[in-house]
Amino acid sequence: MSRPPEPLPAPPAGRWAATGYAALHVLLFVPVVLTFVLVKVSAVLVVVWVGILLLAGVLPAMRGLVGLHRGIAARVLGTPLASPYRPLPGGLLRDLHVRATDPMTWRELLWMLWAMTFGFVASLLAVVLFLGVVTWPLWWYGVGPLMRARATVDRAVLTVGRTERLEKRVRALTESRAVVVDHSAAELRRIERDLHDGPQARLAAVSLSLGLADDLFETDPEAARRLVNEARGTSSAALGELRDVVRGIHPPVLADRGLTGAVSALAIDMAVPVELALDLPDRLPAPVESAVYFAVAECLANTAKHAAADQSWVSLRHDGRVLRAEVGDDGRGGADPRSGSGLPGVAARLAAFDGIMSVSSPPGGPTVVSWEVPCAPSA
Ligand SMILES: Nc1ncnc2c1ncn2[C@@H]1O[C@H](COP(=O)(O)OP(=O)(O)OP(=O)(O)O)[C@@H](O)[C@H]1O
Ligand SMILES: [Mg+2]
């Protein structure tokens, strides 16, 4: 649910920076060779078990080292490179199994061969051209293209290919579909329970009272009138409860006033002051509006219930492609999506639209729940 922030795109590295990175490559040559040898030796020793322990230590070190090179390639090219690994389940053997079967591990080994040979020569050349005074014009014109070429190969080998990206996407979609199906089933059960315990019980009472009144009309009109009055009271209560159920499915205020109006209405109802920053197009697709509305409502309800805050804020912005939202408070912190059903419910609703939620709530606060939902404005 939570995820690291996206790296920001930066301009490609200039000559000086590219030379600095080339020097770093040269310095990292020995660690790369050592790691490569260690991985190979550990892999051979797996047959006598010690290799398993060795691999458990060496593979994370390899990831760290390769990650450093991935970062350098990203900086040289000025494009962020996403982390390509499969998530680790936890536990020494299970982590080791996932790492060993992750196609990226094999790519990394392949990449090391390149980094120890042609890649190394390219970086060394960049440094040598810089150091040799006569070769300066060559360095001046050559270092940029040379280092970009090396970084392009690094990127091609160290990031996931199309098939792996698609596999990852299918996995994510399968997971989010399961969560959404679960969530919808739970929502249906909740609505069923609300209808059963509320309006259905009351309407049964109304029908009973009216039946009794019908019997008493001739003999005891006073008692019959009392029963009819009672039935009227009960039917208004049933109506109120039906309204609540409807509001829980699709709040009328959302249909009437859109997300901006509906969220403003939520803020007005809060005892804690809420600072609003809403910058949204007129309308977004109705299901997204509804999911975001319930998300804001849940977070504000949490602020009121758990935070003991003096101030809270809601920010909703849409840049034409993605809706970015944040609900925060200056309260005591400690929000934990694993300990309740409200925040997981929000994440499940948002996942249906490829939305991602993250929660930051250190002890002592502040609590910030933020999410991003890709969506285009609706006409
Ligand atoms: N704004 C907040 N400040 C401090 N603690 C919070 C905040 N929001 C949530 N929490 C903590 O995180 C837990 C999980 O929140 P969540 O909304 O998932 O469940 P809940 O509010 O306890 O129950 P539910 O939402 O199902 O009625 C809460 O029990 C509370 O302890
Ligand atoms: Mg809650």
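S.K.: What is the right way to look at the sheet that holds strand β1 (residues 274–279) in this model?
M.R.: Sheet architecture is open: five strands sit in the order β1-β2-β3-β5-β4, paired in mixed fashion. Every interior strand has two partners, whereas the edge strands, β1 and β4 (356–360), have only one. On average, each strand axis in the sheet is tilted by 5° relative to the strand beside it, whichever way the strands run. With eight bridges connecting them, strand β3 (residues 322–329) and strand β5 (residues 367–374) associate as antiparallel partners.

S.K.: Looking at this structure, how should I read the nonpolar core?
M.R.: Side chains that are nonpolar tend, in soluble globular proteins, to be buried together. Residues L259, V263, V292, A295, V296 and L350 are the most contacted members of the largest nonpolar core, which totals 32 residues. Elements with a contribution of two residues or more to this core: α10 (252–268), α11 (286–307), β2 (312–318), β3, α12 (342–351) and β5. Listed in part, the 29 residues of the second largest apolar core include V58, A74, A115 and A126.

S.K.: Which parts of the structure should I look at to understand the pairing of β5?
M.R.: In β5, alternate side chains face the same way, and those of T367, V369, W371 and V373 are buried while those of V368, S370, E372 and P374 on the opposite face are not. Looking at chain direction, β4 and β5 are connected through five bridges and run antiparallel. Each bridged residue has a counterpart across the sheet, and for I356 the counterpart in β5 is E372. Hairpin connection from β4 to β5: six residues lie between these consecutive antiparallel strands, with G364 at a positive phi of about 95°.

S.K.: Any chance you could explain helix α6 (residues 118–131) here in plain terms?
M.R.: Because an α-helix completes one turn every 3.6 residues, residues spaced three or four positions apart along the sequence face the same direction. Under the 1.5 Å per step criterion, the end-to-end length of α6 is 20 Å for 14 residues, consistent within 8% with the ideal 20 Å. Of all the positions in α6, only G119, S123, A126, L129 and F130 are classed as buried. The arc that holds every buried residue of α6, seen down its axis, measures 125°, which confines them to one face. More than 90 degrees from the buried face of α6, the exposed residues found are F118, V121 and L131. Next to the buried residues of α6 lie α1 (15–27), α5 (103–116) and α7 (136–158).

Parameters at a glance
Residues numbered from 1 in each chain as written. Chains lettered and ligands numbered in written order. Predicted model: local features only at pLDDT ≥ 70, side-chain atom pairs only at ≥ 80, totals over all residues. Pairing = 2+ DSSP bridges. Helix = DSSP H or I, 4+ residues; strand = E, 2+ residues; numbered from the N terminus. Axes fitted to C-alpha atoms, helices over the stretch in contact; angles between N-to-C directions. Core = buried A, V, L, I, M, F, W, Y, C linked by C-beta atoms within 7 Å. Buried ≥ 20, exposed ≤ 12 C-beta atoms within 10 Å, placed from the backbone. Expected span 1.5 Å × (residues − 1). Arc of directions from axis to C-beta. Contact = placed C-beta atoms within 7 Å.

In short, geometric facts, not functional conclusions.
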